[in-house]
Structures are given as C-alpha cells and as structure tokens.
Amino acid sequence: MTSTATRPTLFKAQHLLAISDLSPLDITAVLDLAQHYAESGKGLAKDGRVLAGQTQVNLFFENSTRTQSSFEIAGKRLGADVMNMAVATSSVSKGETLLDTAMTINAMHPDFLVVRHQSSGAVELLSQKVSCAVINAGDGQHEHPTQALLDALTIRRHYGRLEGLTVAICGDILHSRVARSNIHLLTKMGVRVRCVAPSTLLPSGIANFGVEVFRDMEKGLAGAEVVMMLRLQVERMSGAFVPSLREYYQFYGLTEAKLACAKPGALVMHPGPMNRGVEIDSGVADGVQSVIREQVEMGVAVRMAILDGLDRTRRAGSTS
Ligand code: CP
C-alpha cells in the first residue's frame with residue numbers, strides 16, 4: 001500500500017450520495033481498491049491506517065445492523081476515530097431537525113459523516129450544509145450506493161467481470177433503494193438487468209430504467225447468473241401491496257424449484273435483513289449457491305475503499 005501522501009486520487013466526488021454520480025471508471029476504481037482491502041483482511045500494514053487522526057460520525061435515523069457496524073469497522077480498520085451517534089437518545093427526540101443536528105455535529109469538525117435517513121433526498125440536502133465528506137448510508141426509497149458497490153464486488157469476485165452477465169432483481173422493487181442503486185450501477189457496467197415483481201411492487205416507468213420487466217418469476221430467472229432477492233418493505237407501505245404473505249411466497253418466494261430456472265450455480269444474493277419464508281426459503285438462503293454472508297464481508301471492504309477514496313479527493317483538493 002502506498003503512503004498517505006502518495007495515494008492516487010480515486011474519483012472526483014467530495015461526497016458519496018448516489019451511484020448516479022459515479023462513472024463506470026469511478027466504480028471500477030472503487031471495486032479494485034475494495035478488492036485490495038478484501039484480500040488484506042484484518043492484516044493491514046501500518047501504512048494502511050490512512051485515516052489516523054480523522055473523525056467519522058455515523059448518524060443513523062433508521063435502524064441498521066449491517067451498514068452501521070461495517071462502516072464502524074471500516075473506519076476503525078483505517079485508523080479513524082469513529083463515533084456512533086445514538087439518535088434515539090439525542091436531542092432529535094426533543095424536536096431538533098435533521099439540519100440542525102447535522103450542523104451541530106459539523107461544528108465539532110468531523111471528517112466524515114455517514115448518514116441514513118428515512119426521507120429520499122435528505123442526505124444530499126445535508127451535504128450542502130456541512131463542510132465534511134458525507135456518505136449516503138441509505139435515504140428513503142432513493143439510493144443505497146454502498147450496498148450496490150458491495151453487491152457488485154461480490155458478483156465480480158465470482159465471475160471475474162460484470163459486463164455481459166444477467167442479474168435478476170426480484171421482489172419489492174417499488175420501495176427498494178437497494179434495487180435503485182443496483183439498477184444504476186449494473187446497467188452502467190454493461191449488465192443485463194431484469195426486474196421481477198408483481199405489478200403492485202414495480203415503480204411506474206420502470207422500463208425507462210434500461211431493464212427488462214417480468215411478472216413471472218420462472219421466466220424472469222431463466223438463464224440468470226445472479227438472483228438478487230429483496231425484502232418486502234412493509235414499513236414503507238401504506239395499505240396492502242400483496243394479497244397475503246403466503247400467496248406472495250408461492251409466486252415470488254425463492255425456492256429450490258424456482259432457483260432451478262436460473263443458470264446452474266447462479267449466485268443467490270440478498271442485502272438483508274431477510275424474511276425467511278416470505279421472499280426466500282431458508283434452505284436456499286443457507287444453501288451452497290448463497291453468497292449472502294460474503295456480501296456482508298464485502299461490505300467492510302467497500303466501505304473502507306469509499307472512506308479512503310473520499311479522503312484522497314479531499315487531500316487532492318487541498319493541494320491543488
Ligand atoms: N442491507 C442493509 O442496509 O442492511 P441494514 O439495514 O442492516 O444496514
């Protein structure tokens with residue numbers, strides 16, 4: 001690993017707000033650095049602690065297991081001081097707004113603010129008000145860029161490439177920021193993307209996203225190299241979008257029988273948290289084709305690459 005002073009710039013962005021802000025070259029650069037971190041594991045050399053002396057604040061207004069903990073581990077592995085703000089016990093409960101909360105933290109001069117919020121666009125708005133690098137850890141139904149990057153890294157590690165693959169994204173596409181970020185990333189990288197869902201769980205204008213749309217799971221999975229399942233996001237639903245969970249599982253739950261329609265050995269993915277027996281059968285989730293645990297592992301590597309990349313951009317800006 002090169003020293004802190006000589007690391008080449010990874011991308012131009014000051015913040016990571018959305019995959020739509022990244023070019024295919026930016027994405028490849030992040031994945032290459034993340035692959036380096038994945039291979040390094042915990043055995044980073046001393047000069048790998050490129051964020052020593054820097055402060056990272058994780059500000060999560062929505063619950064998280066994977067994203068928050070992997071950002072914390074990523075920051076610590078790079079040598080940063082990491083603070084997880086406990087939103088539930090903060091002055092947010094007294095009515096303090098998102099922007100006032102963010103500007104209060106900004107006054108303490110953090111270097112990175114990792115933000116998850118239930119409103120689409122909230123993280124971008126916040127990024128305009130603070131002086132540190134802001135990373136979107138998921139905003140409403142809009143984007144979850146680091147999830148798409150870790151998904152892409154997982155796929156690339158298995159197939160050695162992204163271009164030319166067929167990926168079927170199945171389930172609650174309407175409410176899913178994971179689906180949106182993955183559609184942007186995978187189509188940019190030359191992947192054939194299929195969206196498989198009942199009409200009630202597809203966003204209007206989905207065909208304009210450069211994807212193929214299927215309402216039949218067996219047809220949507222036929223020949224796919226990757227099957228990416230999504231959770232039913234009941235917390236974002238007002239009213240019933242499926243007749244019953246039992247019927248949903250019958251038609252759209254990933255079982256061994258439906259998986260057999262995909263290419264032999266196709267990867268089974270899920271961003272988590274999973275609802276076993278709703279969108280995915282337990283045996284499939286834990287089966288030999290599942291890479292769900294590897295996705296979690298790659299989450300740390302990708303988040304290290306993003307923190308490192310944003311630090312490089314800032315250092316380049318301060319010397320130009
Ligand atoms: N995939 C994902 O964002 O999981 P968490 O909600 O646990 O962070």
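Everything discussed here concerns the structure shown above.
Here the structure is a predicted model, which means the values were calculated and not measured.

Q: Give me the pattern of salt bridges: which residues, what numbers.
A: Overall, the coordinates contain 13 salt bridges when judged by the stated rule. With a shortest N-O distance of 2.9 Å, Glu62 and Arg177 are connected by a salt bridge. Of this pair, Glu62 sits in the loop between β1 (55-60) and α2 (66-77) while Arg177 sits in helix α6 (residues 177-188), and the two are 115 residues apart along the sequence. Judged on exposure class, the residue Glu62 and its partner Arg177 are both buried. The salt bridge involving Arg314 is made with Asp111; its shortest N-O contact spans 3.2 Å. Residue Arg314 is located in helix α11 (residues 292-319), and its partner Asp111 is located in the loop between α3 (98-106) and β3 (112-117); the two are separated by 203 residues in the primary sequence. The exposure class of Arg314 is partly exposed, given its relative accessible area of 31%. Among the charged side chains, a network of salt bridges with common partners joins Arg7, Asp111, Asp308, Asp311, Arg312, Arg314 and Arg315.

Q: Please give an account of the nonpolar core that cites residues and values.
A: With 88 residues, the main nonpolar core has Leu149, Ile169, Ile173, Leu185, Leu254 and Ile306 as its most contacted residues. Element by element, the count of residues in this core is highest for α11, at ten residues. Setting aside residues no more than four positions away along its own chain, Ile306 makes contact with Phe11, Leu16, Val30, Ile135, Thr146 and Leu149. In terms of nonpolar packing, the next biggest core, distinct from the first, is built from 17 residues, Leu17, Leu59, Ile105 and Val115 among them.

Q: Could you give an account of the pairing of β1, with specific residues and numbers?
A: Of all six residues making up β1, five are buried, and the element is well covered by its neighbours. Bridge count for β1 against strand β2 (residues 81-85) is five bridges, and the pairing is parallel. Its bridge partner being in β2, Gln56 is matched across the sheet by Val82. In this fold, β1 hands off to α2, which returns the chain to β2; that crossover is right-handed.

Analysis parameters
- Residues numbered from 1 in each chain as written.
- Predicted model: local features only at pLDDT ≥ 70, side-chain atom pairs only at ≥ 80, totals over all residues.
- Heavy atoms only, no water.
- Salt bridge = Lys/Arg side-chain N within 4 Å of Asp/Glu carboxyl O.
- Helix = DSSP H or I, 4+ residues; strand = E, 2+ residues; numbered from the N terminus.
- Buried < 20%, exposed > 50% of the residue type's maximum accessible area, 1.4 Å probe, protein only.
- Core = buried A, V, L, I, M, F, W, Y, C linked by side-chain atoms within 4.5 Å.
- Contact = heavy atoms within 4.5 Å.
- Pairing = 2+ DSSP bridges.
- Right-handed = clockwise from strand over helix to strand, strands pointing away.

Don't take any of this as a statement about function, it's just geometry.
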